[in-house]
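The chain contents come next:
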Amino acid sequence: FITEGDAGPGKREGSGGMNRINVQVNRGAVNAMLGGLGLLTGGYVLVNHCMFNVEGGHRAIMYSRFGGITDRVLGEGTHFRIPWVQRPYIYNVRSTPRNIKSLTGSRDLQMVDINLRVIYRPQTESLPQMYRTLGLDYDERVLPSIVNEVLKSVVAQYNAIELIVKREQVSTEVRNRLQERAKDFFILLDDVSITHLAFSPQFTSAVESKQVAQQDAERAKWIVEKATEEKKSIIIAAQGEAEAAKMIANAINQNPGFIELREIQYAKDVAETLSTSSNKVYLNSDALLVSGIARALGRDEHQSKSKGGWLWN
């Protein structure tokens, strides 16, 4: 057996060279691993702390620890920032709808419950100043207060009935005033409309009662007018009958043959009716009024014979 002490110098030198080569290989692998870990760490820091995205329909402003809010507005896309030194604030610049309720009083002291729908968005070029004065929740800070202010000032100029009849006019006035007021806070209003308008139950009941009373009054008026017209028609008819009777009396006085003429006309009408009837009717000459015909023709003997009756088929 050969021990380590018995080995020659050449063998000991070869073993030391192999150890140095192994140490160098291990150091290279460690350095590569450290380099890769450093790249990964740098990429993570670069992506998560040095870059940020601005989505569509949004704008960003940058805050710096050394200079505060900058006046530059960043558009959509990917942007760079310095970690710890810079911090972005992102605004939604899309048109956003919101419903705001307000309880106010009309000119005649009626309480009105109004629901107003506004579509708003911030002024893009004024975002830095908006952040300095209002912050990110500008809509919560501004819209409820200015909507209530404008509604109270406009509604107070109209009474309750005018609010219903002139609703479009009221909505237009509210829109114009609210748009002017919102510009002071860097807010643009694309649309303003009144979606709901309600009064107290007592006032609603009073209005319904008034409408019913008006309808009853109109109906009573119509009934009175109808009765008046019927009265006039009856008077006119009576006057006509009186005039006709007077004319008949004058005609009889002036010409006794007028009665015989009327008897003949009446007998003619009766004869025509009986001739078209499918029934058989027996009438004497007095009922048929043909005695006037006999008198008119001077045939008294025919009258005595005709009193036996006439048979019509």
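Computed from a prediction, not measured in an experiment: that's the story for all the values here. (Residues numbered from 1 in each chain as written. Predicted model: local features only at pLDDT ≥ 70, side-chain atom pairs only at ≥ 80, totals over all residues. Heavy atoms only, no water.)

Visitor: Before we move on, can you summarise the environment of leucine 74 with the specific residues and values?
Guide: Mapped onto the elements, leucine 74 comes out in strand S3 (residues 68-74). A relative accessible area of 6% means that leucine 74 is categorised as buried. Between the alpha carbons of leucine 74 and isoleucine 90 there is a distance of 9.0 Å; along the sequence they are 16 residues apart. (Helix = DSSP H or I, 4+ residues; strand = E, 2+ residues; numbered from the N terminus. Buried < 20%, exposed > 50% of the residue type's maximum accessible area, 1.4 Å probe, protein only.)

Visitor: Could you give an account of the confidence of the model for the protein chain, naming the residues involved and the relevant values?
Guide: Per-residue confidence for the protein chain gives a mean pLDDT of 79, with 75% of residues at or over 70. The least confident element of the protein chain is strand S10 (residues 310-312), whose mean pLDDT is 43; the most confident is strand S2 (residues 58-64), at 95. Note that residues 299-313 has pLDDT below 50 and, in this model, 24 contacts with residues that lie over four places away or in other chains. (pLDDT = per-residue confidence, 0-100. Contact = heavy atoms within 4.5 Å.)

Visitor: Describe helix H3 (residues 138-155), with residues and values.
Guide: With 18 residues, H3 extends 26 Å from end C-alpha to end C-alpha; this agrees with the ideal 26 Å at 1.5 Å per step. Of all the residues in H3, the buried ones are Tyr138, Asp139, Val142, Leu143, Ile146, Val147, Val150, Leu151, Val154 and Val155. When H3 is viewed along its axis, its buried side chains cluster within an angular range of 145° and face the same direction. (Expected span 1.5 Å × (residues − 1). Arc of directions from axis to C-beta.)

Visitor: Any details on the pattern of salt bridges? Residues and values, ideally.
Guide: All chains considered together, the criterion is met by 11 salt bridges. Aspartate 71 is paired through a salt bridge with arginine 132; the nearest N and O atoms lie 3.0 Å apart. Here aspartate 71, found in strand S3, pairs with arginine 132, found in helix H2 (residues 127-133); they are 61 residues apart in sequence, far enough to count as distant. You can call arginine 132 partly exposed: its relative accessible area is 45%. (Salt bridge = Lys/Arg side-chain N within 4 Å of Asp/Glu carboxyl O.)

Visitor: Mind laying out a nonpolar patch on the surface, listing which residues take part and the relevant values?
Guide: On the surface, a nonpolar cluster with roughly 290 Å² of combined accessible area is contributed by Ile161, Ile164 and Val165. Tracing the backbone shows valine 165 in helix H4 (residues 160-165). (Patch = residues over 30% accessible without salt bridge, like charges linked within 9 Å, V, L, I, M, F, W, Y side chains within 5 Å. Areas by Shrake-Rupley, 256 points an atom, 1.4 Å probe, with all protein chains shown as cover.)

Visitor: Please give an account of the sheet that holds S2 that cites residues and values.
Guide: Taken together, the three strands give an open sheet; going across it, the order is S3-S2-S5, and neighbouring strands pair in antiparallel fashion. Each end of this open sheet is capped by a strand with a single partner; those strands are S3 and strand S5 (86-92). The average undirected angle you get between the axes of adjacent strands in this sheet is 25°. (Pairing = 2+ DSSP bridges. Axes fitted to C-alpha atoms, helices over the stretch in contact; angles between N-to-C directions.)

Visitor: Explain the pairing of S2 to me, using residue names and the numbers behind them.
Guide: Judged by how many residues are buried, S2 sits mostly within the fold: five of seven residues are covered. Of the strand pairs in this sheet, S2 and S5 are connected by seven bridges, and their pairing is antiparallel. Looking at the pairing, arginine 59 lines up with tyrosine 91 of S5. Relative to S3, S2 is paired through four bridges, and the arrangement is antiparallel. Bridge pairing in S3 links tyrosine 63 to isoleucine 69.

Visitor: Account for the sheet that holds strand S6 (residues 96-105), naming residues and giving values.
Guide: In space, the three strands of this open sheet follow the order S6-S7-S8, with antiparallel pairing throughout. Whereas interior strands pair on both sides, the edge strands pair on one side only; in this sheet they are S6 and strand S8 (187-199). The sheet shows a mean angle of 25° between the axes of neighbouring strands, taken without regard to direction. Where S6 lies against strand S7 (residues 111-122), 10 bridges are found, and the strand directions are antiparallel. Bridging from a neighbouring strand, asparagine 99 pairs with arginine 117 of S7. On top of the sheet, H3 reaches S6, S7 and S8; it is set at about 40° to S6, its chief contact. The sheet contacts of helix H5 (residues 167-183) involve S7 and S8, and relative to S8 the element is tilted by about 140°.

Visitor: Lay out the environment of arginine 121 with the relevant residues and their values.
Guide: By the secondary structure assignment, arginine 121 is in strand S7. Measuring from C-alpha to C-alpha, the distance between arginine 121 and aspartate 190 comes to 7.8 Å, with 69 residues separating the pair along the chain. If we ignore the near neighbours within four places in the chain, the residues touching arginine 121 are Val93, Arg94, Ser95, Tyr138, Ile187, Leu188 and Asp190. Of the polar contacts made by the side chain of arginine 121, one reaches the side chain of aspartate 190; its length is 3.2 Å. (Polar contact = N/O pair within 3.5 Å; in protein donor to acceptor, adjacent residues only side chain to side chain.)

Visitor: Explain H5 to me, using residue names and the numbers behind them.
Guide: In this model, H5 (17 residues) spans 25 Å end to end at C-alpha, consistent with the 24 Å of a helix rising 1.5 Å per residue. Buried within H5 are the following residues: Val170, Ser171, Glu173, Val174, Leu178 and Ala182. Along the axis of H5, the buried positions cluster into a sector of 165°, meaning they face one direction only. H5 presents Glu168 and Glu180 as exposed residues on the side facing more than 90 degrees away from its buried surface. Residues of H5 that are buried in the fold lie against S7, H3, H4 and S8.

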